[in-house]
Amino acid sequence: MNKFNRIASPAVFAALALLALALPACAQRGVTAALSLDQTVFLADEDMDLKVQIINRSGRSLALGGTPDWITFSVQGAEDYIAPKIGELPVVSPFVLGSGMAATRKFNPAPYIEIRRPGRYTINATIKIPQWKQAVACKPVSFTIVNGTPLAGFSGLEFGLPSAPGSTNAPESRQYRLLKVAYQEQLKLYFQLTDKNGKTLRCYPLGHVLSFSAPEAQLDHFNNLHILWQTGARDFTYLAITTDGDLLMRQTYVYTETRPRLKLTENSNIAVEGGVRKYTAQDLPIAAESARQ
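An account of the accompanying structure is given in this report. (Residues numbered from 1 in each chain as written. Predicted model: local features only at pLDDT ≥ 70, side-chain atom pairs only at ≥ 80, totals over all residues. Heavy atoms only, no water.)

## Some words on the overall build of the protein chain
Phase 1: A tally of regular secondary structure across the protein chain gives three helices and 22 strands.
Phase 2: Expressed as a percentage of its 293 residues, the buried residues of the protein chain come to 38%.
Phase 3: Excluding contacts between residues fewer than 6 apart, the proportion of contacts in the protein chain whose partners are at least 24 apart in sequence is 54%. (Helix = DSSP H or I, 4+ residues; strand = E, 2+ residues; numbered from the N terminus. Buried < 20%, exposed > 50% of the residue type's maximum accessible area, 1.4 Å probe, protein only. Contact = heavy atoms within 4.5 Å.)

## A few points about the sheet that holds strand 18 (residues 235-241)
Phase 1: Strand order in the open sheet formed by five strands is 16-17-18-19-22, with antiparallel pairing between adjacent strands. Looking at strand neighbours, the two that pair on one side only are strand 16 (216-219) and strand 22 (276-278), the edges of this open sheet. The mean angle between the axes of side-by-side strands here comes to 25°, regardless of whether they run parallel or antiparallel.
Phase 2: In the sheet, strand 18 pairs with strand 19 (residues 247-254) via seven bridges, with the strands oriented antiparallel. Within the sheet, the bridge partner assigned to T237 lies in strand 19 and is T252. (Pairing = 2+ DSSP bridges. Axes fitted to C-alpha atoms, helices over the stretch in contact; angles between N-to-C directions.)

## Some remarks on unusual backbone geometry
Phase 1: The peptide bond linking L284 to P285 adopts the cis configuration, its omega dihedral lying at -10°.
Phase 2: Its location among the elements puts P285 in the loop between strand 22 and helix 3 (289-292).
Phase 3: At D80, a position not held by glycine, the phi torsion is positive, near 60°.
Phase 4: Tracing the sequence through the fold places D80 in the loop between strand 5 (71-76) and strand 6 (95-97).
Phase 5: With a relative accessible area of 62%, D80 lands in the exposed category.
Phase 6: Positive phi values are uncommon outside glycine, yet S268 reaches one of about 65°.
Phase 7: Along the chain, S268 falls in the loop between strand 20 (261-264) and strand 21 (270-273).

## What to know about the environment of T243
Phase 1: Tracing the backbone shows T243 in the loop between strand 18 and strand 19.
Phase 2: Look at T243 and you get buried, because its relative accessible area is 14%.
Phase 3: Separated by 82 residues in sequence, T243 and L161 have C-alpha atoms that sit 7.5 Å apart.
Phase 4: The contact partners of T243, leaving out residues within four places of it in the chain, are F159, L161, R174, Y176, L193, F222, N223 and N224.

## Topic: the packing of aromatic side chains
Phase 1: Enumeration over the complete set of coordinates arrives at nine aromatic pairs.
Phase 2: Look at F42 and F143: their rings are 5.8 Å apart centre to centre, the planes differ by 85°, and that puts the pair in the edge-to-face class. In this pair, F42 sits in strand 2 (residues 41-43) while F143 sits in strand 10 (residues 141-146), placing the two residues 101 residues apart along the sequence. Of the two residues, F42 and F143, neither departs from the other in class, the shared state being buried. (Phe/Tyr/Trp six-rings, centres within 6.5 Å; stacked < 30°, edge-to-face > 60°.)

## A closer look at the side chain of H226
Phase 1: Assignment of secondary structure puts H226 in strand 17 (residues 225-230).
Phase 2: Assessed through its relative accessible area of 5%, H226 is described here as buried.
Phase 3: Here D220 takes part through its side chain, which lies 2.8 Å from a polar atom of the side chain of H226.
Phase 4: Residues in contact with H226, not counting those within four places in the same chain, are E216, A217, Q218, D220, Y238, L239, A240, L262 and I270. (Polar contact = N/O pair within 3.5 Å; in protein donor to acceptor, adjacent residues only side chain to side chain.)

Honestly, it's all geometry; don't read function into it.
This is the structure in structure tokens:
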């Protein structure tokens, strides 16, 4: 009896036998999958654009996405911490993946998994292939949760949503917040929308911000949030965001003889005064081609 046989337990032999059976089967099936994120640093509750890419080289078409358990996710932190589920991530969307084809599906696990503790995390996923009664583990992806710093004066701009016609109830209360996040010499400006209980409804980065920039923010007569801040030596970014946290407008202005600033108009709308608008491909709504030239 060699050294390995003397120290290996029956449980180890059983595990090795299962692994030996599983690995060749996965290789022969020819299906691989991987997870990816567009960024590696997030705030707690920030929307996540998690992509799952599946490549089928099995020689057969695959029918996927038809049941709630066709793909399952788990998020693990330091010291084997498993982030708890707080809801069911919607995943059902049937599709057929032909042999030699690749498909990418997008998910946002943030509202459905409790990922609030600052630290390093890894997302794992497993895909079930019902035709073969077999599962394929996705290549995992890692990310970091950090704390943001609320901007002075913007730690909670409170506003009310209009009540339904005929309703006598008090308006629903919400808050806008602006935060700065510094990580690896990068500084980003973040938007956060919360309800009256402090629950995060939306959270996402607005873009790069200079360390000395002092963002301006005002509400229009619809309670939409308008933000203007400096993003370059002479460039300023202007955004308008709805009460549901959706991006309504994005424009760029250049500091010329005067500095761009937010101005409240006579009809309680918000406009940019000063500077000159610069038309870019990132404009929202998309600027006409003639205006950009």
